[in-house]
Every structure is written in C-alpha cells, then in structure tokens.
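# Commentary on secondary and tertiary structure
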Amino acid sequence: MATKPSDLDGFTEGCSECARETLHKVRVELRTESSKPKNAEFSREPYRVAICMECQTETALRMNNA
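A few points on the structure.

Thresholds, definitions, all that
Residues numbered from 1 in each chain as written. Predicted model: local features only at pLDDT ≥ 70, side-chain atom pairs only at ≥ 80, totals over all residues. Heavy atoms only, no water. Helix = DSSP H or I, 4+ residues; strand = E, 2+ residues; numbered from the N terminus. Buried < 20%, exposed > 50% of the residue type's maximum accessible area, 1.4 Å probe, protein only. Contact = heavy atoms within 4.5 Å. Salt bridge = Lys/Arg side-chain N within 4 Å of Asp/Glu carboxyl O.

## As for the overall build of the chain
Along the chain, the regular secondary structure elements total zero helices and five strands. The burial tally for the chain puts 20% of its 66 residues in the buried class. For the chain, long-range pairs separated by at least 24 residues make up 28% of all intrachain contacts whose partners lie at least 6 apart in sequence.

## Brief notes about the pattern of salt bridges
In total, this model carries seven salt bridges according to the counting rule given. Note that Glu 13 and Arg 48 form a salt bridge whose closest N and O atoms lie 2.8 Å from each other. Of this pair, Glu 13 sits in strand E2 (residues 11–15) while Arg 48 sits in strand E4 (residues 44–52); the two residues are 35 residues apart in sequence, bridging distant segments of the chain. On the basis of relative accessible area, Glu 13 is assigned to the buried category, the value being 3%. With a shortest N-O distance of 3.1 Å, Arg 62 and Glu 33 are connected by a salt bridge. Of this pair, Arg 62 sits in strand E5 (residues 58–62) while Glu 33 sits in the loop between strand E3 (20–32) and E4, placing them 29 residues apart in sequence. You can call Arg 62 partly exposed: its relative accessible area is 23%.

If you want it as structure tokens, here you go:
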C-alpha cells in the first residue's frame, strides 16, 4: 500500500472502489475485538483506517498483521 503525502489534508493512495489514486483521510484507532465485556479491555488492537474523500469508502487494516 503506497501512500504519498498530499498538499491537502490527507494522503494520496489507491482506492479499490474508485479504481484510481484519490485523497484519503488516514487515522489510527484502537478497536475492541472481543464481544465479551469481561475481556474487552484486553482485546484492543491498533487499526489503520483510511477513508476515500471521493467515494467515502472506509478500509481498515489491523496493524499487527501489516
């Protein structure tokens, strides 16, 4: 996944929905993977979340799998 910093607020990278390079907003967030409330605090994992500014498609990649 190649990204290039853009002059605008975001990154330019390929969008599978648009089938071209588009501007994306990118953030890192912690997501809970366990559905059990008792274990929820131990099941958080970092994800890289990118949202295409053209079609609003969101893609999330678990950072431990990157």
